[in-house]
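# Secondary and tertiary structure notes
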Amino acid sequence: MRPGAIVTDIEGTTSSIAFVHDVLFPYSRARLERFLTDHPDAAAAIFDAVRAEAGTDLDRQACIALLRQWHDADRKIGPLKQLQGMIWADGYAQGHFTGHVYPDAAEGLRRWHDAGIALHVYSSGSVAAQKLLFGHSDHGDLTPLFAGYFDTAVGGKREARSYRAIAEALDRPPAEILFLSDTPEELAAATEAGLAVTLLARDGAPADSRFPIADSFDAIGWQEDRR
């Protein structure tokens, strides 16, 4: 059955995990302190948020040290995600990199959009970072294809309640929503919430999986009309 809506993960699903870890993370890590120095107004707001997260009155250097610590641990913390997003926005704008999207994913997203399927993103990266990646992708601006975006503000990706909240936000029965991810724990949570799921196994199918498997967007379950 063709889904009424598709919700897709990013890392390992539409985009290479290596792009995030080998391009985006090193870029923001190397520019973290310089960005804060060059943008004092933004820095003041970020430092206030860091102090609120830490629960103590840290000085500037202590805030920077904590941001670096969170960055190295890939913590999903608000002020860090906000800072990374601003640094990456500069990188995209200056043409230092484009957002990696697999060719089959770009083609599939366009095909599904043209077929009237509502497309959404759910990623641990912030909504702002999601829009940057798809807005400056290897295949041009893909943001017009998406009806909406979700990040961990809706809940953790391995929690069934997050997917129930997404279904409620989309105003659709969970069974009409297809969730795509490369992470079995996420798929298990989505399945518990009643969503249809597919495991993207781009590096080869696992020996044992209880989920439908596809090695590309072209191989996903149902077959819509090709144009």
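My aim in this report is to walk through the structure given alongside it, one point at a time.

Reading the values: the criteria
- Residues numbered from 1 in each chain as written.
- Predicted model: local features only at pLDDT ≥ 70, side-chain atom pairs only at ≥ 80, totals over all residues.
- Heavy atoms only, no water.
- Buried < 20%, exposed > 50% of the residue type's maximum accessible area, 1.4 Å probe, protein only.
- Helix = DSSP H or I, 4+ residues; strand = E, 2+ residues; numbered from the N terminus.
- Arc of directions from axis to C-beta.
- Contact = heavy atoms within 4.5 Å.
- Phe/Tyr/Trp six-rings, centres within 6.5 Å; stacked < 30°, edge-to-face > 60°.
- Core = buried A, V, L, I, M, F, W, Y, C linked by side-chain atoms within 4.5 Å.
- Axes fitted to C-alpha atoms, helices over the stretch in contact; angles between N-to-C directions.
- Parallel < 35°, antiparallel > 145°, perpendicular 65-115°, else oblique.
- Left-handed = near helix turned anticlockwise from the far one by under 90°.
- Nonpolar A, V, L, I, M, F, W, Y, C, P; charged D, E, K, R; others polar.
- Pairing = 2+ DSSP bridges.
- Right-handed = clockwise from strand over helix to strand, strands pointing away.

## Points about helix α8 (residues 184–192)
All buried positions along α8 are accounted for by Glu186, Leu187, Ala189 and Ala190. Looking down the long axis of α8, one finds its buried residues gathered within 160° of arc, a one-sided arrangement. As for α8, its buried residues are in contact with α7 (160–170), β4 (177–181) and β5 (196–200). At the exit of α8 stands Gly194, carrying a positive phi of roughly 100°.

## A word on the packing of aromatic side chains
Taken as a whole, this structure holds 10 aromatic pairs when the rule is applied. Consider the rings of Trp112 and Phe217, whose centres lie 5.2 Å apart with planes at 15°: the pair is stacked. Remark: Phe217 occurs in the segment after β6 (213–214) and Trp112 occurs in helix α5 (residues 103–114); sequence separation between them is 105 residues. Ring geometry for Tyr122 and Phe179: centres 6.5 Å apart, planes at 50°, overall tilted.

## Some thoughts on the nonpolar core
By size, the foremost hydrophobic cluster in this structure holds 49 residues, and its most contacted members are Leu36, Leu67 and Trp112. Residue contributions to this core peak at eight residues, all from helix α1 (residues 17–38). In this structure, Ala167, Ile177, Phe179 and Leu199 belong to the second largest nonpolar core, which totals 19 residues.

## Here we look at the packing of helix α4 (residues 78–93) against helix α6 (residues 127–135)
In the contact formed by α4 and α6, the axes pass within 10 Å of each other and the chain directions differ by 15°. Put simply, α4 runs roughly parallel to α6. Crossing geometry of α4 relative to α6 is assigned as left-handed. Where α4 approaches α6, its residues Gly85, Trp88, Ala89 and Tyr92 are matched on the opposing element by Ala129, Leu132 and Leu133. Per-class residue counts for the contact of α4 with α6 are six nonpolar, one polar and no charged.

## Overview of the pairing of strand β3 (residues 146–150)
Within a regular beta strand, the side chains point alternately toward one face of the sheet and then the other, so they alternate between its two faces. When you tally the buried positions in β3, you get four out of five residues, the bulk of the element. Bridging between strand β2 (residues 118–122) and β3 involves four bridges; their strand directions are parallel. Pairing of Leu119 across the sheet is with Phe146, part of β3. Running through α6, the crossover from β2 to the neighbouring parallel element β3 is right-handed.

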